[in-house]
Amino acid sequence: KNKNDPALVEAHVKSIRKVYDFIYETLGAKPDVIRAVSGMSVPRAHLYYPPSKLISQIYNYVKDQQKVPFYFKCPAKRLVWQNGRIAGVLAERDRKPFYVQATKGVLIATGGFQYNNALMEKYNPLMAKVTPAGGAGSTGDGLLMAQAYGADVRDTNYIKATFGYQMTSHPNSLHAYYSGAIVVNHAGKRFVDESISYKLISDAALGQPDKFTFQLFDEKVRSEMGGMTKRFAEILDVPELKAGKDTPYCFAGKTLEEVATKAGVDPEGLKATVAQYNADVEKGKDSQFGRTSLTSGFGQMKKIETPPFFLYPSVPRCIATYCGIKIDPRARVIDVFGEPIPGLYACGEATG
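It should be emphasised that the depicted structure is a prediction, and the values quoted were computed from it without experimental measurement.

A.B. asks: For this particular structure, what's the right way to read the sheet that holds strand E3 (residues 76-82)?
C.D. replies: Neighbouring strands of a sheet are bound in pairs by backbone hydrogen bonds; such pairs are parallel or else antiparallel. Strand order in the open sheet made by the three strands is E3-E4-E5, with antiparallel pairing throughout. The sheet is open, and its two borders are formed by E3 and strand E5 (96-101), each paired with just one other strand. Strand-to-strand twist across the sheet, computed as the mean angle between neighbouring axes with direction ignored, equals 30°.

So, in structure tokens, the structure goes:
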């Protein structure tokens, strides 16, 4: 909503092609699929499966080709200031102090802080109540170390969860609403335009009286998504769902009444919702929330009409914090007076 830093956005857009070329040409890593998700107006989400494979390829290249040393089980504790600049890092190795001197600077790339409940309560109390997910190292260490030297922050009031996580302990998420599903509550009613960002859908879901809501889709969507990626196949292209049977994370039924009854959703409410939605699809615009596409103008809405039907219980989880250390287009950390902190840089999820 135009509250970003235009110079930072421009720098990111100009540099990102170099990152992609490195991944594609140097590492030889190709995405499984390119999709439009999270309110994107064109397909630009490059999905690699499993993500750990791509990370391992990058790690091996940096370690073996660039001869960069890595220190594991050495938690960073503090930045070191010397001669008017950040000059290194104090860490611990075997519970003893361990110093690393910086010849050019220190780059903070420590991720977000969704696993630091104190920081979540400080910056966004509502999100502190949402179950965290994502990298377990996202505890805000880098943010605190930078703040000790006056680093400013930005976007901390915009932390949002991601909608579509299973009710089970499995970390899988599903965004079937970008492929044609709708999102309903226990009354069987829609409560949001499903084509917007999954973060905004989470806001709407958190405003519902239910602890969890549902993604409703039919066999056409299940079959299409199940064939897209290996990750989707693990969720949707399984024998039980292909046979129209339940799994521990998804309800199935030959009719809307059957699947609704199994899931504890009001059958009449669900039938009325689907009838209205299907009628709106024919007209090209959702009369209730104004949805006209699958995601932000991309893709045509689909009727929910081909049995079996599926209700996928879903909850928001906070997978990232989308905020953090303030930087400029050169990735220099900016202090509370708008000045760069000499020798200190930050990137990625650690930044705003």
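A.B. asks: Explain the pairing of E5 here, please?
C.D. replies: In regular strands, side chains alternate between the two faces of the sheet. In the sheet, strand E4 (residues 85-93) pairs with E5 via six bridges, with the strands oriented antiparallel. Paired with Leu90 across the strands is Tyr99, a residue of E5. As consecutive antiparallel partners, E4 and E5 are separated by two residues, and within that stretch Asp94 has a phi angle of approximately 55°, a positive value.

A.B. asks: Mind showing me how you'd approach the packing of helix H9 (residues 256-263) against helix H10 (residues 267-283) here?
C.D. replies: Geometrically, a packed helix pair is captured by the angle between its two axes and the distance between the axes. The contact between H9 and H10 brings their axes to 9 Å, and the two run at 135°. Taken together, H9 and H10 sit at an angle that is classed as oblique. When the axes of H9 and H10 are compared, the crossing they make is right-handed. Packed against H9, whose contacting residues are Leu256, Glu257, Val259, Ala260 and Thr261, the element H10 presents Pro267, Leu270, Lys271 and Val274 at the interface. Looking at the contact of H9 with H10 residue by residue, the classes come out as six nonpolar, one polar and two charged.

A.B. asks: How do you make sense of the side chain of Ser179 when you look at a structure like this?
C.D. replies: Tracing the backbone through its elements, the reader meets Ser179 in the loop between strand E8 (162-165) and strand E9 (182-184). With a relative accessible area of 1%, Ser179 lands in the buried category. Other than its neighbours up to four places away in sequence, Ser179 contacts Arg35, Val221, Met225, Met228, Leu294 and Lys302.

A.B. asks: Hey, could you run me through a nonpolar patch on the surface in this one?
C.D. replies: A contiguous nonpolar patch, built from Val68, Phe70 and Phe72 and spanning about 290 Å² of accessible area, is present on the exposed surface. Relative to the helices and strands, Phe72 is located in the loop between helix H2 (51-65) and E3. Judged by its relative accessible area of 58%, Phe72 is exposed.

A.B. asks: Help me understand helix H1 (residues 6-26), please; the structure alone is not making it clear to me.
C.D. replies: Given 3.6 residues to a turn, an α-helix orients residues that are three or four positions apart in the same direction. Look at H1: 30 Å from first C-alpha to last across 21 residues, which is about the 30 Å you get at 1.5 Å a residue. Its maximal kink placed at Ser15, H1 deviates by approximately 30°. Here H1 starts with a cap whose side-chain oxygen sits 3.1 Å from the backbone nitrogen of Ala7, and that cap is Asp5. Looking at the residues trailing H1, positive phi occurs at Gly28, about 75°.

What counts and what doesn't
- Residues numbered from 1 in each chain as written.
- Predicted model: local features only at pLDDT ≥ 70, side-chain atom pairs only at ≥ 80, totals over all residues.
- Heavy atoms only, no water.
- Pairing = 2+ DSSP bridges.
- Helix = DSSP H or I, 4+ residues; strand = E, 2+ residues; numbered from the N terminus.
- Axes fitted to C-alpha atoms, helices over the stretch in contact; angles between N-to-C directions.
- Parallel < 35°, antiparallel > 145°, perpendicular 65-115°, else oblique.
- Left-handed = near helix turned anticlockwise from the far one by under 90°.
- Contact = heavy atoms within 4.5 Å.
- Nonpolar A, V, L, I, M, F, W, Y, C, P; charged D, E, K, R; others polar.
- Buried < 20%, exposed > 50% of the residue type's maximum accessible area, 1.4 Å probe, protein only.
- Patch = residues over 30% accessible without salt bridge, like charges linked within 9 Å, V, L, I, M, F, W, Y side chains within 5 Å.
- Areas by Shrake-Rupley, 256 points an atom, 1.4 Å probe, with all protein chains shown as cover.
- Salt bridge = Lys/Arg side-chain N within 4 Å of Asp/Glu carboxyl O.
- Expected span 1.5 Å × (residues − 1).
- Bend = angle between axes of the 7 residues up to and from the residue.
- Polar contact = N/O pair within 3.5 Å; in protein donor to acceptor, adjacent residues only side chain to side chain.

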